[in-house]
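# Fold and contact review
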Amino acid sequence: MENLTLKQQKFVASYIETGNATQAVCDNYNVKDRKSAKVIACGLRKHPKIRQALYEVQDEAGITLEQLAFILNRGLDAKKVISHKGEFTESGCHDYSTQLEYLRLAHELRGDLVK
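Residues numbered from 1 in each chain as written. Predicted model: local features only at pLDDT ≥ 70, side-chain atom pairs only at ≥ 80, totals over all residues. Heavy atoms only, no water.

## Quick notes on helix α2 (residues 21-28)
For an α-helix, the turn length of 3.6 residues means that residues three or four places apart are oriented alike. The following threshold applies: Each residue is assigned to one of three classes by its accessible area relative to the maximum for its type, calculated with a 1.4 Å probe on protein chains only: buried under 20%, partly exposed between the two thresholds, exposed over 50%. By the criteria applied, helices consist of DSSP H or I runs no shorter than four residues and strands consist of E runs no shorter than two, each listed in order from the N terminus. Here, the arc refers to the directions that run from the helix axis to the C-beta atoms. By the convention used here, residues are in contact when the closest approach between their heavy atoms is within 4.5 Å. Think of a polar contact as two N or O atoms within 3.5 Å of one another; within protein, one of them needs to be a possible hydrogen donor and the other a possible acceptor, and neighboring residues in sequence only count if both atoms come from side chains.
Along α2, the positions that sit buried rather than exposed are Ala21, Thr22, Ala24, Val25 and Asn28. Relative to the axis of α2, the buried residues are bounded by an arc of 160 degrees and lie together on one face. The inward-facing, buried residues of α2 contact α1 (6-18) and α3 (34-46). The residue sitting at the N-terminus of α2 and contributing the capping side-chain oxygen is asparagine 20; that oxygen lies 3.1 Å from the backbone nitrogen of threonine 22.

Below you can see the structure in the form of structure tokens.
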């Protein structure tokens, strides 16, 4: 991350900690409102040096693209879980809210969406 400005480094650290690019901008940039922060966050997420820094952090943590794809695929096929007498079982019914959250996450990781 040494090729980033101090603000960019703080953005990356905050983004990794919170998982929310807009909040990371609010925490580290002088913005007037969340709408402005969202616009700045979108630009930062697309910045080649910041994307590289995020990839480096993932590499240092041992997170591979294959692992991310596996987790996302499982989430995109999520089923509802039912609890009965303290035991949990998959219902077989799609859990659309969970699937939607994983879909949003997949797009965010690709840089298509910004929180």
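## Topic: the pairing of strand β1 (residues 79-84)
Which entries qualify depends on this criterion: Pairs of strands are assigned from DSSP output, requiring at least two bridges between the strands.
Pairing geometry for β1 and strand β2 (residues 87-94), over five bridges, is antiparallel. The residue of β2 that forms the bridge with valine 81 is glutamate 90. Between β1 and β2, which pair antiparallel one after the other, the connecting turn spans two residues, and lysine 85 there sits at a positive phi close to 55 degrees.

## Section: the side chain of aspartate 95
Our working rule: In this count, Lys and Arg are taken as positive residues and Asp and Glu as negative ones, while His and the chain termini are left out. For salt bridges, the criterion is a side-chain nitrogen of Lys or Arg within 4 Å of an Asp or Glu carboxyl oxygen.
Note on placement: aspartate 95 falls in the loop between β2 and α6 (96-110). Salt bridges are absent for the buried aspartate 95, whose nearest opposite-charge side chain, lysine 80, sits at 5.8 Å. In terms of polar contacts, aspartate 95 uses its side chain to reach the side chain of serine 97, at 3.1 Å.

## A short note on the confidence of the model for the protein
To keep it simple, the criterion reads: Residue-level confidence of the predictor, termed pLDDT, takes values from 0 up to 100.
A residue-level look at the protein finds 93% of positions with pLDDT of 70 or above and a mean pLDDT of 85. When mean pLDDT is compared element by element in the protein, α2 scores highest at 94, while α6 scores lowest at 77.

## Focus: the nonpolar core
Rules: Remark: nonpolar core denotes a set of buried residues (Ala, Val, Leu, Ile, Met, Phe, Trp, Tyr, Cys) joined through side-chain atoms within 4.5 Å.
Phe11, Val12, Tyr15, Val25, Leu44 and Ile50 are the most contacted members of the largest nonpolar core, which has 14 residues in total. Elements with a contribution of two residues or more to this core: α1, α2, α3 and α4 (48-60). Excluding residues that lie within four positions of it along the chain, isoleucine 50 makes contacts with Leu4, Gln8, Phe11, Val12 and Leu44.

## Some remarks on unusual backbone geometry
A positive phi angle, close to 55 degrees, is found at lysine 85, a residue other than glycine. Among the secondary structure elements, lysine 85 is positioned in the loop between β1 and β2. The exposure class of lysine 85 is exposed, given its relative accessible area of 75%.

## Topic: a negative patch on the surface
Spelled out, the test is: Residues with no salt bridge and a relative accessible area higher than 30% make up the patches, which join like charges within 9 Å and nonpolar side chains (Val, Leu, Ile, Met, Phe, Trp, Tyr) within 5 Å. Per-residue accessibility takes into account occlusion by the displayed protein chains alone, with areas from the Shrake-Rupley method and a 1.4 Å probe. Charged groups are reduced to one reference atom each: NZ for lysine, CZ for arginine, CG for aspartic acid, CD for glutamic acid.
A surface patch of negative charge is lined by Glu2, Glu56, Asp59 and Glu60. Take glutamate 60: it is sitting in helix α4.

## A look at a nonpolar patch on the surface
A cluster of nonpolar residues, Leu76, Leu100 and Leu103, forms a patch on the protein surface that exposes about 260 Å² of accessible area. Mapped onto the secondary structure, leucine 76 falls in helix α5 (residues 65-76). For leucine 76, a relative accessible area of 34% puts it in the partly exposed group.

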